[in-house]
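Architecture at a glance
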Amino acid sequence: MDDTADTRWKTDPDAPDAARNTVGGGGTDELDQRVAAAAMRLAAGQGWRNTGLLAIARGAGVPPDVFYRRFPDRSDVLAAVSRVADTAVLADEAPSGPDESARDRLFDVMMRRYDALLPYRDGLRSVVRDLKREPLTALAFSRHFGRSMAWMLRAAGVEADRTGGALLVAGLGAVQTRVMRVFLEDDSADLSRTMAALDSELRRAERWAGALRRRSGRASPTASSTAPQGAGEPAKEPGSASAG
């Protein structure tokens, strides 16, 4: 980890001035943004494994007591990246047409989320590569990741809180995990490869859910858009990035 032997507090001179009142209240979003940006910048340059919490706090210009209250673990830093992307989606709710399907709404929501993650992509690539060696961090982040996917369902008008909602969240998580691999390597100017992968995965999810409904004999108005093959399998990478 990049926590140097000199433990005297030093902030990055290029980081913005830290405000101690950013924990809670209206400053939380700004704190998430600063920490997410610093973490992903450092991860891109030196690898996630070599990026310690102290280095992230310094890079963000956040005093240690403020940082500790909000980001006590490495998974909390990854959760900040997810929150920044989720908040961007939820704050920019696009009106849906009367004939727009749940799958189409979910496609729009997830593409907006990928757009929000684009500035962090180099860092996320390092996180996805290195997180395989941090199983406890990955496990702790999975709770944040599930919460993020639930809110993306809600943003698309898909009810995630009723019976069966956990399956929908797991399904979208599986979709996100697969598409994230494409997003991280997508060098197209308009993220066309990511769009194609997301469309394919959501259509496969729709087919899977339809087959499940026919087999069970029960119809669900929301399951048709989110539960892909392997929906019961836990996501192994952040959306990260997980994190995001």
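Residues numbered from 1 in each chain as written. Predicted model: local features only at pLDDT ≥ 70, side-chain atom pairs only at ≥ 80, totals over all residues. Heavy atoms only, no water.

Observations regarding the overall build of the chain
Helix and strand counts for the chain stand at nine helices and zero strands. Traced from its N-terminal end to its C-terminal end, the chain shows the element sequence α-α-α-α-α-α-α-α-α. Within the chain, buried positions represent 48% of all 244 residues. Just so you have it, the chain exposes about 12000 Å², and 50% of that area is on carbon and sulfur atoms. (Helix = DSSP H or I, 4+ residues; strand = E, 2+ residues; numbered from the N terminus. Buried < 20%, exposed > 50% of the residue type's maximum accessible area, 1.4 Å probe, protein only. Areas by Shrake-Rupley, 256 points an atom, 1.4 Å probe, with all protein chains shown as cover.)

Overview of the confidence of the model for the chain
For the chain, per-residue confidence averages 82 on the pLDDT scale, and residues scoring 70 or more make up 72% of the total. Note on residues 1-9: pLDDT under 50 across the span, and 24 contacts to partners over four residues away in sequence or across chains. Note that residues 219-243 has pLDDT below 50 and, in this model, 88 contacts with residues that lie over four places away or in other chains. (pLDDT = per-residue confidence, 0-100. Contact = heavy atoms within 4.5 Å.)

Digging into unusual backbone geometry
The residue L191 is not glycine, and still its phi comes out positive at about 55 degrees. Relative to the elements of secondary structure, L191 occurs in the loop between α8 (165-185) and α9 (192-216). By relative accessible area, which is 3% here, L191 ends up buried.

So, the pattern of salt bridges
Enumeration over the complete set of coordinates arrives at 17 salt bridges. Of the charged contacts in the structure, one is a salt bridge between D130 and R129, with a shortest N-O distance of 3.6 Å. On the basis of relative accessible area, D130 is assigned to the buried category, the value being 9%. Among the residues examined, R129 registers a relative accessible area of 48% and is labelled partly exposed. One salt bridge connects E201 with R178, and the closest N-O pair in it is separated by 3.7 Å. One end of the pair, E201, is in helix α9; the other, R178, is in helix α8, with 23 residues separating them in the sequence. Among the residues examined, R178 registers a relative accessible area of 22% and is labelled partly exposed. Put simply, R103, D104, D199 and R203 are held in one network by salt bridges that share partners. (Salt bridge = Lys/Arg side-chain N within 4 Å of Asp/Glu carboxyl O.)

So, the UniProt feature "DNA-binding region" (unreviewed entry) in the chain
Mapped onto the present numbering, the UniProt feature "DNA-binding region" (unreviewed entry) falls on residues 52-71. Taken end to end, residues 52-71 comprises 75% helix and 0% strand; its first and last C-alpha atoms sit 12 Å apart. (UniProt positions renumbered as here; feature names shortened; annotations may be inferred.)

Observations regarding the packing of aromatic side chains
All chains considered together, the criterion is met by three aromatic pairs. The interplanar angle of 35 degrees and the centroid separation of 5.1 Å between the aromatic rings of Y114 and F183 together place this pair among those described as tilted. With Y114 in helix α5 (residues 102-117) and F183 in helix α8, this pair connects stretches of sequence that are 69 residues apart. With a relative accessible area of 0%, F183 lands in the buried category. Above the plane of the ring of W48 lies R74, whose end atom (NZ or CZ) is 4.2 Å from the centre. The ring of W151 carries R154 above its face, with NZ or CZ at 4.6 Å from the centroid. (Phe/Tyr/Trp six-rings, centres within 6.5 Å; stacked < 30°, edge-to-face > 60°. Lys NZ or Arg CZ within 6 Å of the ring centre and 35° of its normal.)

With respect to the side chain of D130
Positionally, D130 belongs in helix α6 (residues 121-130). Of the polar contacts made by the side chain of D130, one reaches the backbone nitrogen of W48; its length is 3.0 Å. With residues near it in sequence (within four places) discarded, D130 still touches G47, W48 and R49. (Polar contact = N/O pair within 3.5 Å; in protein donor to acceptor, adjacent residues only side chain to side chain.)

Notes on the packing of helix α4 (residues 74-91) against helix α7 (residues 135-155)
At a minimum axis distance of 9 Å, the contact between α4 and α7 shows a crossing angle of 10 degrees. Here α4 is positioned roughly parallel relative to α7, judged by the angle of their axes. Residues R74, S75, D76, L78, A79, S82, D86, V89 and L90 of α4 lie in contact with α7, whose contacting residues are T137, A140, F141, H144, S148, W151, M152 and A155. Broken down by class, the residue content of the contact of α4 with α7 amounts to nine nonpolar, five polar and three charged. (Axes fitted to C-alpha atoms, helices over the stretch in contact; angles between N-to-C directions. Parallel < 35°, antiparallel > 145°, perpendicular 65-115°, else oblique. Nonpolar A, V, L, I, M, F, W, Y, C, P; charged D, E, K, R; others polar.)

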